[in-house]
Amino acid sequence: MITLTHPAAVTYLGLPGYVFAWLIFVSGLSIFSYIIYRRYLLIRSGKPDPRFSDTGKRVLDLIVYGFIQKRQPRYLWAGLIHIMIFWGFVVLGLRSIDLVSQGLSLPFLRPLTQTGFGPFYDTFKDIFELIVLGACLWAILRRALVKHERYEGSHTFEAYFVLCLISFLMITDMFYEGSMLLLNKSQETFLPASRLAALVLSDSSPRLLTGTHIWSYWLHLITFFFFLNFLPLGKHFHIITALPNVFLRKPDKGAIKPAQWGVEDIDELETLGVEKFEDFTWKHILDFYTCTECGRCSDNCPAHITGRPLSPKMLTLKLRDHGYHKVPVFGSADREGAKEDEKDDALPMIGGLISRDEIWSCTTCGACEEECPVFIEYIDKIIDMRRHLIETAQNPKTFNQVLMHFEKTGNPFGKPATKRADWVKELEDTDVRVLKEGDEVDVLYFVDSYGSYDPAAQAIAAAIVKGLNSAGIDFGILGPLEKDSGHQVRRMGEEGLFQLLVEENMETLSSVRFKSIITTDPHALNTLKKDYPGDFEVFHYTQFFQSLVETGQLRPAKSPDTDDIYTYHDPCYLGRHNGIYNEPRQLLGSIPGLKLVEMERSRDRSFCCGGGDIVLWHEIEQEEIRMASMRIQMAKEAGANVIVTACPFCFIHFEDAIKTDGLENDLRVVDLMKLFVSTLA
Amino acid sequence: MNIVVCVKRVPLTQEVDLEIDGTGKDVKKDALAYVVNDWDNYAIEEAVLLQEKFGGTATAITIGTEDDEEVLRRALAVGADRAIRIDPGDLELDGFVISKLLAGVIKDLEYDLVLTGVQADDDNCGMVGIMLAEHLGLSHAAVVTGVEPEGDEATIKVELEGGMDEVSKIPFPALLSIQTGINEPRYVSIMGIRKAGKKELKVLEVADLNLTEDDLTPRTVVEEVFLPPETEGAEIIEGDASTVAEEIIRILTEKGVMV
Amino acid sequence: MGDIFVVVEHRKGEVRDITYEMLFKAGQLCREYSHNLTAVILAGHDESFLDDIAPKADRGIVYEDESLKHFNGDLYRDILKGLIEEHRPFLTLAGHTSWGMDLGPALSAKTGYPLATDCVDILVENDRPVVIRQIFSGKVFSRVSFKESEGYLVSVRPGSFLPEDIEARKGEVIKNELPADLPVPRKNFVEFVDTAAGDVDISQADLLVSIGRGIGDEDNIEELKNLANTMGGTLSCSRPIVDKNWLPKYHQVGTSGKSVKPKVYLAFGISGAFQHVAGITAAGTVIAVNKDKKAPIFRVADYGVVDDLFNVVNALKEKLNA
Ligand SMILES: Cc1cc2nc3c(=O)[nH]c(=O)nc-3n(C[C@H](O)[C@H](O)[C@H](O)COP(=O)(O)OP(=O)(O)OC[C@H]3O[C@@H](n4cnc5c(N)ncnc54)[C@H](O)[C@@H]3O)c2cc1C
Ligand SMILES: Cc1cc2nc3c(=O)[nH]c(=O)nc-3n(C[C@H](O)[C@H](O)[C@H](O)COP(=O)(O)OP(=O)(O)OC[C@H]3O[C@@H](n4cnc5c(N)ncnc54)[C@H](O)[C@@H]3O)c2cc1C
Ligand code: SF4
Ligand code: SF4
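What you see is a predicted model, and the numbers here were worked out from it, not measured in a lab.

A. Seen up close, unusual backbone geometry. Geometrically, the link from B:Phe172 to B:Pro173 is a cis peptide bond, its omega value of -5 degrees lying close to zero. Of note, B:Pro173 is situated in the loop between strand E9 (164-171) and strand E10 (174-178). At A:Gln69, a position not held by glycine, the phi torsion is positive, near 60 degrees. As for its placement among the helices and strands, A:Gln69 is situated in the loop between helix H2 (55-67) and helix H3 (76-103). Using a relative accessible area of 6% as the deciding quantity, one classes A:Gln69 as buried.

Now the structure itself:
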């Protein structure tokens, strides 16, 4: 038996190995600190963004989404591989620290490794080494054999390279330990990975074994520090930033960030929105660092799927590279920054690098954010870029009139405010109270512009008031006092106008007394709840009527008379943005004899109908197929012949798509409220 | 190039069922929303485009009350440098008086070009611009859909009926009444309008303008306004295809759209 | 008893319809109030239409000069001013056309005669003219009178008076020399450019022939395009036509297309969906042809035809080609 000297204790070129270990350690860490400092500089240039409230919830999210990686298995195999590698990193991190500390002759982990934990950990890490190695091989094969469309534009070479680096780290440790096992036959612990290496080395001479032992160690050390420094240069920065990014996630879906955090009155700002990279918030810059290029966002993005020029992943990658150009790792930030600014003149970030139609393509459906395993935000960034487009008059010309109408008449159609309650006049035998200042009701029904003026949405509003009357609810509408909720205006990027509408509506809302608000439209629900300063109880009609059914105040008695098969489409602003998935289904379930099937894409994977804002006034020409067209196909595939919606825009889009695609004989669309009211006794 | 642009605030009436007010001489205006006269949007945009290209200043002028200053602030937000409002007090106004008031102000300004809209959306007179040009002794053209300055003259396009443009040359200083479609007016955001509130806005009284009694006397008087007979939905044209076709041709000719 | 002047409008050697319309209306007024009808012709040498116009008036006062071949604001204004000051006509009519919009206000400013523009009817009350105008894009009519004056100027909206037949009058022809003190014109004609053939801008068209899914087949587009051309209109459409790539996007009317404001909107096979009709709220007159008498478009149309659109299209073609 040979007494095994630790590789760091061996003398090389007349110097003890510790010197080299310290050299590697110090240079590795310094370069790393410098790179991180450069990345930090860029983050620091961003705008404020308060992300430290509600720490308890954040820690919980960190555990659930960061450590347990709850979102990963939404893509089953890729998710499992990732979880394995992630946990391998957690477990093997300790091992690497131990190896480094040995080299530095600072064995501060020894007290731990010399307890009973030592052998246990050794077995544990060995198992994980095999798991990680397997996962890496699997990942390499998956990428090589199946070309997933969602990886298009991602850095494939880097992905392979890093998988190889990780594997190499595993292998060097295996051989380090494996050679030791052979040389030092006294080890009894179960070490499957090391045994595997030992098997490979079994016929080797002691000399070769010693060499393997020594060089595996050094290679491991060098690779480890190389890897550390390689991370912040590419997409694997997420290994460092992902956990913080999850911890710092946006707490409230659906809400839009203010023009600038910490600024109450937008008049204090010089400009609105994002024009330059530094106009993003620091957290949004951290988002750019964190993207794993997994492509799940784009894979679920209806804009991307229908051929619009937007891919959320590519948006992030382009902006990340742009940011890295501005503050490169090597070279002076200021000088480089200035140069970049000059280049900016030729190709502005907004309108050049990111095209206008890319920015207008988004329906703010939230599918990307729902999917992203590391909680990268898109909607706020896109709205911020739109704000810049609006302020600099780079909007589609069709918006001019629409926005002017919003401002002047409180609705997008330019219809007189005085006619806002005219739809009520056309209802037979239905009473609707139009509130005046000082009035009091239990339920304030916020109809919003489409419900008030668009014939298709008016019919939904009519069903709602009919239902309210049937249940004997004391309710009223605001009529001419009501202005558009501003949901669309804000998402079009016209923040000033949105503030104006909010101001006017807030004044009205505080001039009447009510217990709760219900809305026709999930968008209005979302905006009143999340974008308004008031603290109202706001319900969507599906929630409200579901509670009436639950308390027995209303009971559907008639079954739908044919043997139709129904499917329910989750509107983005009801489902993903507000988590209302069950109430509509329960409401449907309360209708006797109604047959409901689910589409493959349902609940939080629902597919946007086309949206309730930009698309109404600006169509993206590259679009190959309408979202609504795709969606009705999904309904057909699910075997349904009736699509139920709970949003006027979904209804309008589907009705149009059914007509345009000539599917009138196969499909029809009905609003949940109209269906529900028709089944009341 | 220094440019003066005249703008008017008009009610938005496209979707409104107008009613006649108590005097019988005007429509009820209290519930109406007010906007920049559409033609003037194009005139402002053209002024600012020219100013951006050739330098100089753009001045927006309106005749109206304090509420009407909104159109000036919009013009300032688009890019005009300063604005003037002439307060007419309780003066009776018609196209002639308006043009005299405008001339009273503009004659003391430095300008190469005066732009007005072809007509205002409410009264649809289409006379203020050219009358103003005559008061100021300027060369002029109406219904202009293109302006290209070169040196001390401009090549302009005038839109004629029936899909034809007339191209001519006109020396500066000149007045052009601008037709919609000459450009694509930009959107000005609420924020932009508020910011523009910091630019200069001067208010003048009629008394400041040195006008005679005759200048301030309207040439025309609205005796009454009335609504056309109401039609409920479409009037169905009956008869065989040939009768129908004849009737359609008659309507097209009556409306003056067939060449 | 006085004169009624009609300023003859012509372009490229042809008299414009507005001239006959004014002659017709002026003729009626002359008969009723015993005025004389004078046609004032400013034209190039030997224009072929001189013989056509003179007999439709009591006299034709003609100025012939190459500088008058095309409308020229400076020259027209000064010649007419001189003529008006010489004859002091009770009423002078000009078209409310692009040229008339340049001439009328200038003449009013120069002569001091009050002007009413864009009139759709002319009456005489207490020896003074009273006119009917349309305001707010035709939603309201107004009756306008003038401040007392020696003479009055009225510009007439094209299409307001349809000449059934214009009675023959004396047709005396007076050729005047150009006044000696004419200014050198400042604005100078260069050329005419045909815009109808160029880019399609449906938002500027006066007549839109608009087609919807009712036309059925792509092959029918050409036929409708021809019809639009014959009528001097522009072709527009509803969204499904663009969806099917039958016409490019810039033809689309509606919320996600263009808002249009033609004087006449002639809709063939369009159902009148809300998103579509939101684009035609500023249209003057809407005529809809649809075989379904319940189609919502009839709620916003001024005139409706319940028939197969091709019956109507063919009949229109026959009439127009006749
Ligand atoms: C009985 C009566 C009462 C009236 N009362 C009022 C009144 O209370 N308040 C009032 O403002 N007008 C009043 N008017 C005037 C009328 O509304 C029109 O302003 C006037 O007849 C000019 O016609 P128009 O607006 O159609 O101008 P057009 O000749 O059609 O306008 C062409 C262009 O002239 C310019 N222009 C027109 N008006 C203005 C303006 N006000 N300021 C700056 N530029 C302008 C714009 O560039 C416009 O595009 C009254 C007229 C009458 C006959
Ligand atoms: C967000 C959104 C935006 C939209 N934006 C627009 C827009 O900007 N512009 C737009 O136009 N649409 C728009 N739409 C589509 C709109 O909702 C309608 O689907 C569309 O306008 C219908 O077009 P249509 O009238 O040609 O077709 P249809 O509704 O199918 O109508 C065809 C009509 O032709 C009649 N017809 C059929 N054959 C004949 C015949 N031989 N003779 C006479 N009549 C016949 C039928 O009776 C029917 O009324 C939008 C939809 C959505 C959801
Ligand atoms: S919000 Fe929806 S449309 Fe917008 S980028 Fe995300 S997935 Fe795409
Ligand atoms: S943004 Fe999120 S979902 Fe999209 S590629 Fe990056 S990590 Fe994946």
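B. Representation of a nonpolar patch on the surface within the structure. Residue and element names in this part refer to chain A. A cluster of nonpolar side chains, Val-59, Ile-63, Phe-67, Ile-68, Trp-87 and Val-90, forms an exposed patch at the surface whose accessible area comes to about 480 Å². At the level of elements, H2 and H3 are the ones that each hand at least two residues to the nonpolar patch. Among the elements that line the nonpolar patch, the one with the most residues is H2, at 3 residues. In this fold, Val-90 is placed in helix H3.

C. Highlighting the site of ligand 4. By nearness alone, 13 residues border ligand 4, and A:Cys291, A:Cys294, A:Gly295, A:Cys297 and A:Cys372 come closest of all. Of the residues assigned to the shell around ligand 4, the class counts are 8 nonpolar, 2 polar and 3 charged.

D. Here's a closer look at the side chain of A:Arg585. All names here are of chain A. Residue placement: Arg-585 occurs in helix H26 (residues 582-589). With relative accessibility at 11%, the residue Arg-585 sits in the buried group. Among residues more than four places away in sequence, those in contact with Arg-585 are Tyr-568, Asp-570, Glu-598, Ser-602 and Arg-603.

E. How the structure looks around the interface of chain A and chain B. Taken residue by residue, the interface counts 29 residues in chain A and 21 residues in chain B. Roughly 2,000 Å² of surface becomes buried between chain A and chain B when both sides are summed, with 54% attributable to carbon and sulfur atoms. For the chain A face of the interface with chain B, the top three residues by lost area are A:Asp267, A:Lys397 and A:Lys408, together amounting to 25%. On inspection of chain A and its partner chain B, the count reaches 5 salt bridges. Here chain A is connected to chain B by 12 residue pairs in polar contact (both at pLDDT 80 or more). Going through the elements one at a time, helix H17 (379-391), helix H18 (398-409) and helix H23 (495-511) of chain A are the ones with two or more residues in the side of chain A that touches chain B. Broken down by element, the side of chain A that touches chain B gets its largest block of residues, 8 residues, from H18(A). Considered class by class, the residues forming the side of chain A that touches chain B number 11 nonpolar, 9 polar and 9 charged.

F. Inspection of the interface of chain C and chain B at higher detail. Each side of the interface is counted separately: chain C has 81 residues, and chain B has 79 residues. When chain C packs against chain B, the two sides together hide about 7,000 Å² of surface, and 60% of this comes from carbon and sulfur. Here chain C and chain B share 6 salt bridges between them. Of the charged contacts in the structure, one is a salt bridge between B:Glu224 and C:Arg143, with a shortest N-O distance of 2.8 Å. Counting across the chain C and chain B interface gives 33 residue pairs in polar contact (both at pLDDT 80 or more). If one sorts the elements of the side of chain C that touches chain B by residue count, helix H4 (residues 98-111) of chain C sits on top with 9 residues. Of the residues in the side of chain C that touches chain B, the class split is 37 nonpolar, 21 polar and 23 charged. Across 6 bridges, the pairing between strand E12 (residues 220-226) of chain B and strand E9 (residues 140-146) of chain C is antiparallel. Bridge pairing in E9(C) places B:Thr220 opposite C:Phe146.

G. Representation of the domain arrangement of chain C within the structure. In terms of domains, chain C is made up of domain 1 (3-176) and domain 2 (202-321). Spacing between the C-alpha centres of domain 1 of chain C and domain 2 of chain C amounts to 35 Å.

H. Layout of a negative patch on the surface. All names here are of chain A. A grouping of Glu-264, Asp-265, Glu-268, Glu-437, Glu-503 and Glu-507 is seen on the molecular surface, where their side chains present a negatively charged patch. Mapped onto the fold, Glu-437 is located in the loop between strand E3 (433-434) and strand E4 (443-446). Glu-437 sits in the exposed class, given a relative accessible area of 63%.

I. Representation of the state of the cysteines in the model. According to the stated counting rule, one finds 0 disulfides over all chains in the structure shown. Here A:Cys609 is not cross-linked by a disulfide; its sulfur's nearest cysteine counterpart is in A:Cys650, at 3.8 Å. According to the relative accessible area criterion, A:Cys609 is buried, its value standing at 4%. Looking at the unpaired B:Cys6, the closest cysteine sulfur is the one in B:Cys125, lying at 15 Å.

J. Highlighting the pattern of salt bridges. On inspection of all chains with the given rule, the structure shows 97 salt bridges over all chains. Ionic pairing is found between B:Lys8 and B:Asp122, a salt bridge with its closest N-O pair at 3.0 Å. A residue pair is termed long-range when its members are at least 10 positions apart, and B:Lys8 in the loop between strand E1 (3-6) and strand E2 (9-11) and B:Asp122 in the loop between strand E6 (113-117) and helix H4 (128-136) qualify at 114 residues. As a salt-bridge pair, C:Arg186 and C:Asp74 come within 3.4 Å of each other at their nearest N and O atoms. In this pair, C:Arg186 is assigned in the loop between strand E11 (172-176) and strand E12 (188-194) and C:Asp74 in helix H3 (residues 73-87), connecting sequence segments 112 residues apart. We classify C:Arg186 as partly exposed; its relative accessible area is 28%. A single network of salt bridges, built from pairs that share partners, joins A:Lys257, A:Asp384, A:Arg387, A:Arg490, A:Arg491, A:Glu495 and A:Asp531.

K. A look at the pairing of E9(B). E9(B) sits mainly inside the fold: 6 of its 8 residues count as buried. Here strand E8 (residues 153-160) of chain B pairs with E9(B) via 8 bridges, running antiparallel. Across the sheet, B:Thr155 pairs through a bridge with B:Lys169, a residue of E9(B). With 6 bridges connecting them, E9(B) and E12(C) associate as antiparallel partners.

L. Region of interest: the packing of H2(A) against helix H9 (residues 238-247) of chain A. Residue and element names in this part refer to chain A. Where H2 meets H9, the closest approach of the two axes is 7 Å, and the angle between their N-to-C directions is 135 degrees. By the angle class used here, H2 and H9 are oblique. Every pair of crossing elements has a handedness; the one defined by H2 and H9 is right-handed. Contacts from Thr-55, Arg-58, Val-59, Asp-61, Leu-62, Tyr-65, Gly-66 and Phe-67 of H2 reach H9 at Leu-243, Val-246 and Phe-247. Split into classes, the residues belonging to the contact of H2 with H9 amount to 7 nonpolar, 2 polar and 2 charged.

M. Here's a closer look at the environment of A:Phe226. Residues and elements named next belong to chain A. By the secondary structure assignment, Phe-226 is in helix H8 (residues 206-230). For Phe-226 and Gly-28, which are 198 residues apart along the polypeptide, the C-alpha to C-alpha distance reads 7.2 Å. In this structure, Phe-226 is in contact with Phe-161 and Leu-165, ignoring residues within four places of it in sequence.

N. Focus on the confidence of the model for chain C. Averaged over all residues, the pLDDT of chain C is 90; the fraction at 70 or higher stands at 98%. Here the complex is predicted with pTM 0.91, and the ipTM for its interfaces comes to 0.91.

O. How the structure looks around the site of ligand 3. Close contacts around ligand 3 come from A:Cys301, A:Pro302, A:Leu310, A:Pro312, A:Cys362, A:Thr363, A:Thr364, A:Cys365, A:Gly366, A:Ala367, A:Cys368 and A:Ile379, and that covers them all. Of the residues in the shell around ligand 3, the class split is 9 nonpolar, 3 polar and no charged.

Scoring rules and cut-offs
Residues numbered from 1 in each chain as written. Chains lettered and ligands numbered in written order. Predicted model: local features only at pLDDT ≥ 70, side-chain atom pairs only at ≥ 80, totals over all residues. Heavy atoms only, no water. Helix = DSSP H or I, 4+ residues; strand = E, 2+ residues; numbered from the N terminus. Buried < 20%, exposed > 50% of the residue type's maximum accessible area, 1.4 Å probe, protein only. Patch = residues over 30% accessible without salt bridge, like charges linked within 9 Å, V, L, I, M, F, W, Y side chains within 5 Å. Areas by Shrake-Rupley, 256 points an atom, 1.4 Å probe, with all protein chains shown as cover. Salt bridge = Lys/Arg side-chain N within 4 Å of Asp/Glu carboxyl O. Near = heavy atom within 4 Å. Nonpolar A, V, L, I, M, F, W, Y, C, P; charged D, E, K, R; others polar. Contact = heavy atoms within 4.5 Å. Buried area = accessible area lost by both parts, 1.4 Å probe. Polar contact = N/O pair within 3.5 Å; in protein donor to acceptor, adjacent residues only side chain to side chain. Pairing = 2+ DSSP bridges. Domains from an automatic or database assignment. Lys, Arg positive; Asp, Glu negative; His and termini not counted. Charge placed at Lys NZ, Arg CZ, Asp CG, Glu CD. Disulfide = S-S within 2.5 Å. Axes fitted to C-alpha atoms, helices over the stretch in contact; angles between N-to-C directions. Parallel < 35°, antiparallel > 145°, perpendicular 65-115°, else oblique. Left-handed = near helix turned anticlockwise from the far one by under 90°. pLDDT = per-residue confidence, 0-100.

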